[in-house]
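# Tertiary structure, described
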Amino acid sequence: MRIFICELIGTAMLLLLGNGVNCNVSLNKSGQKGGGSVQTGLAWGLAVLLPAFIFGRTTGAHFNPAVTLALAVEGSVKASDIPYYLLGQFVGAFIGAAIVILLFYDHFKATDDPSVKLGCFATGGTIRNTFLNFCSEFVCGFVLLFAIKGIGQVSGADKVGLNYLLVYAIIVSIGMSLGGLTGYAMNPARDFGPRLAYAVLPVPGKGDADWGYAWIPVVAPVLGGIAAVLLYSAIPFA
């Protein structure tokens, strides 16, 4: 239960802040509308950083099924713990998005374009190409896990909290370099939980949840993350 609770709260915080910045810069009548990709990229990095230093010592601060499953394949996560991680992450993502819907409810009412509203919660290819969209999310998942594993090459990073700042840098780097392709989900819970919240909760003037695309940000980052840890494990660093 400790894993479940910490991953739930941490992932909820991540999506509260992450979906929050999407709404902040996109919805009409928001005081920060038009903040742009730089604000979004920095804020998503911080959205990961804040819960990471709160829960890092307890669960490793995964907040991402792609991280959990890749580390399980590697052997760093026990198989018996996987359900607690995944359930906490998906439920937490839904809760975080639900809070955002409540807080920005009037701003959703003031915004006419349903695609803008969906984009506050769910990712999608800016140019729809199933193969390339899948490749984008695969590569993002790969870089995320490969870089996270690479933090271990920094001596003493975990003792002074530098590891959390490096995770922040990883998120910001991927987002600012590749985010324009698909919205860089990198995280099945980050996309599925908010997409589900958008679909079932009363978002004013919403449109379709685009479930036809939803499998890509669920499957591709997981496969990319697994490929990353397998390659990293095969490299003779020492």
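Just so it is clear, the model here is predicted, and its values are computed rather than measured. (Residues numbered from 1 in each chain as written. Predicted model: local features only at pLDDT ≥ 70, side-chain atom pairs only at ≥ 80, totals over all residues. Heavy atoms only, no water.)

### Observations regarding helix α7 (residues 130-150)
Over its 21 residues, α7 extends 30 Å from the first C-alpha to the last, a length consistent with the 30 Å expected when each residue adds 1.5 Å. Listed in full, the buried residues belonging to α7 are Asn133, Phe134, Ser136, Glu137, Cys140, Gly141, Leu144 and Leu145. What you see down the axis of α7 is that its buried residues fit within an arc of 160 degrees, all on one side. Elements that come into contact with the buried residues of α7 comprise α3 (65-74), α9 (162-182) and α11 (215-234). (Helix = DSSP H or I, 4+ residues; strand = E, 2+ residues; numbered from the N terminus. Expected span 1.5 Å × (residues − 1). Buried < 20%, exposed > 50% of the residue type's maximum accessible area, 1.4 Å probe, protein only. Arc of directions from axis to C-beta. Contact = heavy atoms within 4.5 Å.)

### Some remarks on the UniProt feature "transmembrane region" (unreviewed entry) in the protein
According to UniProt, the feature "transmembrane region" (unreviewed entry) maps to residues 42-63, 84-105, 131-152, 164-186 and 213-235 in the numbering used here. Here residues 84-105 is 95% helix and 0% strand, with 31 Å between the C-alpha atoms at its ends. (UniProt positions renumbered as here; feature names shortened; annotations may be inferred.)

### Side note on α11
A rise of 1.5 Å per residue sets the reference length of α11, with its 20 residues, at 28 Å; its end C-alpha atoms lie 29 Å apart and thus fit the reference within 8%. By the burial criterion, the buried members of α11 are Ile216, Pro217, Ala220, Pro221, Val222, Gly224, Gly225, Ile226, Ala228, Val229 and Tyr232. Where α11 is buried, its residues contact α3, α7 and α10 (188-200).

### Topic: the nonpolar core
Judged by nonpolar contacts, the single largest core of 39 residues is most densely connected at Leu144, Leu145 and Met186. Elements supplying a minimum of two residues to this core: α1 (2-26), α2 (36-59), α3, α4 (82-103), α7, α9 and α11. Apart from residues lying up to four places away in sequence, Met186 is in contact with Asn64, Ala66, Glu137, Cys140, Leu144, Ile171, Ile174 and Pro221. With 15 residues, the next largest nonpolar core counts Phe104, Phe121, Tyr198 and Val203 among its residues. (Core = buried A, V, L, I, M, F, W, Y, C linked by side-chain atoms within 4.5 Å.)

### Some words on the side chain of Asn19
With respect to the element layout, Asn19 can be found in helix α1. Overall, the relative accessible area of 0% leaves Asn19 in the buried class. Looking at Asn19, its side chain comes within polar contact range of the main-chain oxygen of Cys120, at 3.2 Å. Apart from the residues within four sequence positions on either side, Asn19 is in contact with Trp44, Ala97, Val100, Cys120, Phe121, Arg190 and Pro194. (Polar contact = N/O pair within 3.5 Å; in protein donor to acceptor, adjacent residues only side chain to side chain.)

### Overview of unusual backbone geometry
The residue Lys29 is not glycine, and still its phi comes out positive at about 75 degrees. Non-glycine residue Ala61 carries a positive phi angle of around 55 degrees. Inspection of the secondary structure assignment puts Ala61 in the loop between α2 and α3. Of the residues examined, Ala61 reaches a relative accessible area of 15% and is grouped as buried.

### As for the packing of aromatic side chains
Under the counting rule described, the total for this entry stands at nine aromatic pairs. Seen in terms of ring centroids, Phe108 and Phe121 are 5.6 Å apart; in terms of plane orientation they differ by 20 degrees. Their pairing is stacked. Taken together, the positions of Phe108 in helix α5 (residues 105-109) and Phe121 in the loop between α6 (114-119) and α7 put the pair 13 residues apart, joining distant regions of the chain. The same class applies to Phe108 as to Phe121, namely buried. Taken together, the ring pairs connect Phe142, Phe146, Tyr232 and Phe237 into an aromatic cluster. Against the face of Tyr198 rests Lys206, its NZ or CZ located 5.9 Å from the ring centre. (Phe/Tyr/Trp six-rings, centres within 6.5 Å; stacked < 30°, edge-to-face > 60°. Lys NZ or Arg CZ within 6 Å of the ring centre and 35° of its normal.)

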